[in-house]
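Listed below, chain by chain, are the residues.
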Amino acid sequence: MFTRLVTKSLWVRRERLLISIIAVMLGAAMVTSLLTISLDIREKMGKELRSYGANLVVLPGEGEYINQFNATHNSIIGSVPFLYFKAEVNAKKIEFAGANLEAARKMNPWWHVEGLLPKGEEVLPGINAANKLGLKAGDMLSIGDKSFKVSGILDTGTSDDNRIFISMETAEQISGKSGATLAQVSVLGDIDDVIKYLENKGYKVKKIRQVAESEKALLDKTQLLMALVSFFVLSAASLSLFCTMITSVLERSREIGLMKALGCGNGRLAAIFLAEAGVMGVAGGILGYFVGLLLAQFIGMEIFDMQVSIKPEVFLLTLLISILVAAIASLLPIKRAISIDPVVILRGE
Amino acid sequence: MIIAKNLVKKYDTTCALKDASFTIEKGEWANIMGPSGSGKTTLLNLIGCLDSPTSGSLLVNGIETTKLGQKERTRFRRENIGLVFQQFHMIPHLTALENVMIAQYFHSIEDEKEAKEALVHVGMGHRLHHMPSQLSGGEQQRVCIARALINQPQIILADEPTGNLDKKNEEAVLDIFRELHSEGRTIVIVTHNPEIGEIGDKIIQISHGEVKY
Ligand SMILES: Nc1ncnc2c1ncn2[C@@H]1O[C@H](COP(=O)(O)OP(=O)(O)OP(=O)(O)O)[C@@H](O)[C@H]1O
Ligand SMILES: [Mg+2]
């Protein structure tokens, strides 16, 4: 009977119900994307941060390329030049990275290669690039008029997943360029001294930690903005829910008076209205979760160049917050319903 | 069973009930009669614990109802009293059957079979799944009577239960009350109909809030 009572009265007011659900959905979508971005991107960024340690990225001082990167300094324990360029594959623009991949793997120990590192006419796509192009190890891939074999798939959990890695020679062949767009440098010791040394040689130097830290600052700002937006959207949602509930209570005061006259206690009355609000909260929460995932994916790709992954705890949190908003919004309307005097209502007309 | 002593009910300025005292025995059929606005509904609401008096004492089923809090009154009403309102009130989005079952639900647990039987009993077996808006006034009234009786209350309070019924339906409803009366339930009916007045065991005459009996 309880379910019938709740569903039927919701059904009678389905238009208003829909509006409230949409309002909750928007709030929940913001919450979901906020949580996903916060938890997931933070985690991935942390991974990048940790593994880079105190390493440096060296960029060309003048022009676009470093022709011959040579640096001899006691504190430099390794360096890998990279040649980045974009090329079209299957009508999709993909970023390529050429390097001595043996060395690159040593410098980026978190690289996970499913298969082998490429040799000769072979390529190693990052996992996102592979998914985008529908590639797996052993497949053939044509770039320009040449054919390459996929030697394996690279999973880094960073934006490198979007790239296709090839040997430096292949990179120079395909792009027709020579030199490196940047070099990763591994330093053990006095990093500032190394920076001075490299800058004297005419290079631009960036601490990778700084790169990551500016990304982290961006994440913090994005998060703050999203938290603010979430707060306002949730407030608006609870206001909308409040309006729906209070209108419902006012419209149904005769019905409520009747139920009370028939012996419906306050607890049960509150339960009926809470359940109605709960339905809106749950429905809005679930819908909002999926909309929020899309939003998070969009923000992740646009701002952080990262694919976000789905986290089940975000779903639970979103649902919880939606239900909480619904419950808070219905407190006053329920109080109002409880205060209805059956005598006055039943006498009416 | 029902003992009222010096009951007073005031609404702001109007005094709807002045010093009403009367007794209704267990199993008695009492009719409350009087002109419009004389305080009949007010009195019935007091007995039904829907409202509390400004002063005076009212013993129902041995319980001093004026001393009950709002929650206890709701519970008391649920357990002891079946109400038929002057304006037949139903929940608009529930069917006739569900409108009866809801009283079972508030009382204890719903029993669809019993609710159906109750509706058949008042001649509404063919309208089980109609919505209130699809029922005539007389039909709605009968659903309300079925609802008032469904939990087998000891006391049945009815505010003009036959006011909207034709002769045939009125007889049917009165038969139900007669049956209840013979089962030993206490029945209090507000009526303008002198024919009903004759069936009852006693008449509580009321005018301008004053009870003469
Ligand atoms: N909530 C209220 N506030 C103020 N006055 C009220 C209220 N309820 C009832 N009254 C007044 O109390 C008096 C008695 O009302 P009541 O409804 O008991 O009359 P009644 O005998 O049932 O009349 P009827 O036969 O028309 O139903 C009336 O004068 C009415 O105006
Ligand atoms: Mg009346």
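Being a predicted model, the structure only gives us computed values, none of them experimental.

All names here are of chain A. Inspection of the secondary structure puts Glu276 in helix H9 (residues 266–304). For Glu276, a relative accessible area of 2% translates into the label buried. Excluding anything up to four places from it in sequence, Glu276 contacts Val6, Ser9, Leu10, Ser248 and Arg252.

This paragraph deals with the site of ligand 1. Surveying the vicinity of ligand 1 reveals 15 residues, the closest of which are Arg347 of chain A together with Ser36, Lys40, Thr41 and Thr42 of chain B. Of the chains in the model, those with residues near ligand 1 are chains A and B. Interatomic distance of 2.6 Å between a side-chain N/O atom of Lys40 of chain B and an oxygen atom of ligand 1. Relative to its unbound accessible surface of 640 Å², ligand 1 loses 69% to contact with the protein. The element that contributes the greatest number of residues to the shell around ligand 1 is helix H1 (residues 40–47) of chain B, accounting for three residues. Considered class by class, the residues forming the shell around ligand 1 number three nonpolar, nine polar and three charged.

Residue and element names in this part refer to chain A. With respect to topology, nine strands assemble into an open sheet ordered S6-S7-S5-S9-S3-S2-S10-S1-S11, the strand pairing being mixed. Of all strands in the sheet, those with a lone pairing partner are strand S6 (140–143) and strand S11 (204–207), marking the two edges. Mean inter-strand twist for the sheet, computed between neighbouring axes without regard to direction, equals 35°. Here strand S5 (residues 122–125) pairs with strand S7 (residues 146–150) via two bridges, running parallel. Paired with Val123 across the bridge in S7 is Val150.

Bringing helix H3 (residues 96–107) of chain B into the picture now. Taking 1.5 Å as the rise per residue, H3 of chain B with twelve residues should run 16 Å; its terminal C-alpha atoms sit 18 Å apart, in good agreement. By the criterion of burial, H3 of chain B is predominantly enclosed, with eleven of the twelve residues buried. Among all positions in H3 of chain B, only Ala96, Leu97, Glu98, Asn99, Val100, Met101, Ile102, Ala103, Gln104, Tyr105 and Phe106 of chain B are buried. Where the residues of H3 of chain B are buried, they touch helix H1 (2–12), helix H8 (253–261) and H9 of chain A together with helix H2 (70–80), helix H4 (112–121) and helix H5 (137–149) of chain B.

Calculation rules
- Residues numbered from 1 in each chain as written.
- Chains lettered and ligands numbered in written order.
- Predicted model: local features only at pLDDT ≥ 70, side-chain atom pairs only at ≥ 80, totals over all residues.
- Heavy atoms only, no water.
- Helix = DSSP H or I, 4+ residues; strand = E, 2+ residues; numbered from the N terminus.
- Buried < 20%, exposed > 50% of the residue type's maximum accessible area, 1.4 Å probe, protein only.
- Contact = heavy atoms within 4.5 Å.
- Near = heavy atom within 4 Å.
- Polar contact = N/O pair within 3.5 Å; in protein donor to acceptor, adjacent residues only side chain to side chain.
- Areas by Shrake-Rupley, 256 points an atom, 1.4 Å probe, with all protein chains shown as cover.
- Nonpolar A, V, L, I, M, F, W, Y, C, P; charged D, E, K, R; others polar.
- Pairing = 2+ DSSP bridges.
- Axes fitted to C-alpha atoms, helices over the stretch in contact; angles between N-to-C directions.
- Expected span 1.5 Å × (residues − 1).

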